[in-house]
Amino acid sequence: MGLVQTRNIVKDFPAGETNVRVLHDVTVDVNAGELTMLVGPSGCGKTTLLSIMTGILTPSSGEVIIDGTNLTALRDREKVLFRRERLGFVFQQFNLLPALTAAENAAVPLIAAGVPFEDAVARAEAMLRDVGMGPHTAKKPNQLSGGQQQRVAFARALVHRPRVLVCDEPTSALDATSGQQVMEILRAVALQPDCAVIVVTHDNRIYHFADRMIHMADGRIERTEARGEIHDA
Ligand SMILES: Nc1ncnc2c1ncn2[C@@H]1O[C@H](COP(=O)(O)OP(=O)(O)OP(=O)(O)O)[C@@H](O)[C@H]1O
Ligand SMILES: [Mg+2]
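Note that the coordinates shown come from a computational prediction; the quantities given were computed from them, not determined experimentally. (Residues numbered from 1 in each chain as written. Chains lettered and ligands numbered in written order. Predicted model: local features only at pLDDT ≥ 70, side-chain atom pairs only at ≥ 80, totals over all residues.)

> It is not clear to me how the site of ligand 1 should be interpreted in this structure. Could you clarify?
For ligand 1, the full set of nearby residues is Phe13, Val22, Ser42, Gly43, Cys44, Gly45, Lys46, Thr47, Thr48 and His202. Residue contributions to the shell around ligand 1 peak at three residues, all from helix H1 (residues 46–53). Split into classes, the residues belonging to the shell around ligand 1 amount to three nonpolar, six polar and one charged. (Near = placed C-beta within 6 Å. Helix = DSSP H or I, 4+ residues; strand = E, 2+ residues; numbered from the N terminus. Nonpolar A, V, L, I, M, F, W, Y, C, P; charged D, E, K, R; others polar.)

Encoded structure:
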C-alpha cells in the first residue's frame, strides 16, 4: 500500500462556458522508501497532479490518501496543519528570502510551526550540514551558487522531517553537474525507509535516480516502470 495514494482523480478547469478536463481518472501509489519520478510532456498535468496530491488544489472528484489520512476530506484548517507537519516542498525557483541567512531560511518551517527561533536555527544548521552546506550557514542567498541555493531549499523542505517530500522540477534551473549533486543529496538525505520522495521532472539526465517512474500523457497515467526498466535518455 502506498504512503501516498490517489484514487480516481479527475480535475476540470473552467474554460469560458465549459470545462476542460486536465486529469482523467488518475490512480497512483507512491511507496515509502522510494524516489518516484513523474514525467511526461509539457501540459500533460504533472504539476496539477502534484498540487492535488499535496492538497494545494482540490480534485473535481476522487481521493488522496496520505499515510492513512484522507486529505480530500479534511477541512481547510486541518489540511494546512497536515501539510505543514507531514509534507515538504521544493520548487524550480528556490524561493529563498534574500534578507535571511541560509540557516534562517532553512528554519522558516519550524518558526512557522512555533519552534523558538534559536532552536529552529540550530536544527536548520544541522540539516544544512547534512546536505553539505555546513560552511555556508551564515551566507545570504545572493552569496550562494544555484546548486547551493537549491540545497538550502532542500534543507528548508526537510527540516521538520516530513513523511513526503515533493519536488517540482528541482534541477531545471541548474547545470548538469549541480543537478546530479542535488539529486545525490536528495537520495542520501531525504530517502528514509518511512518517507517518500516525489520528483516531477523534464530532466532526463536525472532519470537514473528514480526507483519508480510514472509516465503521464494527456492527463492520464500511461505506464509505470520500476528501477531496472528505467533508462536515461
Ligand atoms: N488554473 C488553471 N486553470 C486552467 N487551466 C489550467 C490551470 N492550471 C493548469 N491548467 C492547464 O492544465 C493542463 C496541465 O497543466 P500542468 O501545469 O499540470 O502541466 P505540466 O505537466 O506540469 O506542464 P509543464 O511540464 O509545462 O510544467 C495544461 O493544459 C494547463 O494549461
Ligand atoms: Mg509543471
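Moving on from the coordinates now.
> Would you take a moment to explain the environment of Phe89 for this structure?
With respect to the helices and strands, the residue Phe89 is situated in strand S6 (residues 87–91). Between the alpha carbons of Phe89 and Ala153 there is a distance of 8.4 Å; along the sequence they are 64 residues apart. Ignoring anything within four residues of it in the chain, the contact list for Phe89 reads Ala157 and Val166. (Contact = placed C-beta atoms within 7 Å.)

> Just checking my understanding: could you explain the sheet that holds strand S1 (residues 4–15) for this structure?
Pairing between the strands of a sheet comes from backbone hydrogen bonds, and it takes one of two forms, parallel or antiparallel. Strand order in this open sheet of four strands is S2-S1-S4-S5, and the pairing throughout is antiparallel. Each end of this open sheet is capped by a strand with a single partner; those strands are strand S2 (18–30) and strand S5 (69–70). Both S1 and S2 contribute to a ladder of nine bridges, which runs antiparallel. Residue pairing across strands places Phe13 opposite Val20, the latter belonging to S2. Strands S1, S2 and strand S4 (61–66) of the sheet are contacted by H1, whose axis makes an angle of about 120° with S1. (Pairing = 2+ DSSP bridges. Axes fitted to C-alpha atoms, helices over the stretch in contact; angles between N-to-C directions.)

> Even after reading the chapter, I still don't get the sheet that holds strand S10 (residues 220–226), so can you show me in this structure?
A sheet is described by the order of its strands in space; here six strands give the open sequence S6-S7-S8-S3-S9-S10, paired in mixed fashion. Whereas interior strands pair on both sides, the edge strands pair on one side only; in this sheet they are S6 and S10. Sheet twist, expressed as the average angle between the axes of neighbouring strands with direction ignored, equals 15°.

> Got a minute to help me understand the pairing of strand S9 (residues 212–217) in this structure?
Regular strands place side chains that alternate from one sheet face to the opposite one. Relative to S9, strand S3 (residues 35–39) runs parallel, the two sharing four bridges. Residue pairing across strands places Leu38 opposite Ile214, the latter belonging to S9. In this sheet, S10 lies alongside S9 in antiparallel orientation, the contact comprising six bridges. The residue bridging Ala217 from the neighbouring strand is Arg220, located in S10. The loop that links S9 with its antiparallel partner S10 comprises two residues; one of these, Asp218, has a positive phi angle of about 50°.

> Help me understand helix H3 (residues 102–112), please; the structure alone is not making it clear to me.
Since there are 3.6 residues in each turn of an α-helix, residues three or four apart along the chain are aligned in direction. Counting buried residues in H3 gives eight out of 11 residues, a clear majority hidden from the surface. Here the buried face of H3 lies against helix H4 (117–130) and helix H5 (146–158). Remark: Gly114 follows H3 within two positions and exhibits a positive phi of approximately 95°. (Buried ≥ 20, exposed ≤ 12 C-beta atoms within 10 Å, placed from the backbone.)

Read these as spatial facts, not as claims about activity.
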